[in-house]
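Per-entry structural report
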Amino acid sequence: LLQPGHALLSRPCRIWDPDFAGWVQERGVYFPSKWDEKYTALLSSNDQGAPALDGGLLVADLGQKNKGSFIYTSYVWYRQLRAGVPGAYRMLANLIAYPKVK
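Below is a short write-up of the structure. (Residues numbered from 1 in each chain as written. Predicted model: local features only at pLDDT ≥ 70, side-chain atom pairs only at ≥ 80, totals over all residues. Heavy atoms only, no water.)

Looking at the pattern of salt bridges
- Inspection of the entire model under this criterion finds four salt bridges.
- The residue R79 makes a salt bridge to E26 at a minimum N-O spacing of 2.9 Å. One end of the pair, R79, is in helix α2 (residues 77-82); the other, E26, is in the loop between α1 (7-10) and β1 (40-41), with 53 residues separating them in the sequence.
- Two residues, R27 and D47, come together in a salt bridge whose shortest N-O distance is 1.8 Å. Here the residue R27 occupies a position in the loop between α1 and β1, and D47 occupies one in the loop between β1 and β2 (57-62), the gap between them amounting to 20 residues.
- Look at R27 and you get partly exposed, because its relative accessible area is 28%.
- Judged by its relative accessible area of 41%, D47 is partly exposed. (Salt bridge = Lys/Arg side-chain N within 4 Å of Asp/Glu carboxyl O. Helix = DSSP H or I, 4+ residues; strand = E, 2+ residues; numbered from the N terminus. Buried < 20%, exposed > 50% of the residue type's maximum accessible area, 1.4 Å probe, protein only.)

Looking at the sheet that holds β2
- Spatial strand order, β1-β2-β3: three strands in an open sheet with antiparallel pairing. Whereas interior strands pair on both sides, the edge strands pair on one side only; in this sheet they are β1 and β3 (68-73).
- For β2 and β3, the ladder comprises six bridges, and the chain directions are antiparallel. Bridge assignment links V59 to a residue of β3, and that residue is I71. (Pairing = 2+ DSSP bridges.)

Concerning the nonpolar core
- Grouped together as the largest cluster of nonpolar side chains are 17 residues, with contacts concentrated most on L8, L9, L57, W77 and M91.
- Contributions of two or more residues to this core are made by α1, β2, α2 and α3 (86-101).
- Broken down by element, the residue count for this core peaks at four residues, all from α3. (Core = buried A, V, L, I, M, F, W, Y, C linked by side-chain atoms within 4.5 Å.)

Describing the environment of P32
- Assignment of secondary structure puts P32 in the loop between α1 and β1.
- Separated by 14 residues in the primary sequence, P32 and P18 place their C-alpha atoms 24 Å from one another.
- Leaving out residues up to four positions away in the same chain, P32 has contacts with G55, L58, Y72 and S74. (Contact = heavy atoms within 4.5 Å.)

So this is what it looks like as structure tokens:
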């Protein structure tokens with residue numbers, strides 16, 4: 001967790017390191033290597049022995065008074081949801097709720 005206090009990782013569900021336990025193969029694809037400074041990287045992940053990938057979940061609050069948002073995710077949520085990974089369900093709730101809780 002790069003920004004554990006960020007609203008996307010704390011409301012309505014607090015996301016903790018244990019939420020990523022039990023994730024199944026092909027956890028993510030198309031991780032960006034760079035992004036505009038308006039985006040905040042929230043997660044970092046890697047396979048054992050591989051370098052960290054920080055662009056798997058990016059968020060930018062945009063528009064007048066930052067009322068709009070753009071979220072980019074490289075994580076393959078449908079695999080985690082189909083596998084019944086509890087943390088994936090908590091993160092999905094946060095993604096859906098983000099416009100209201102930020």
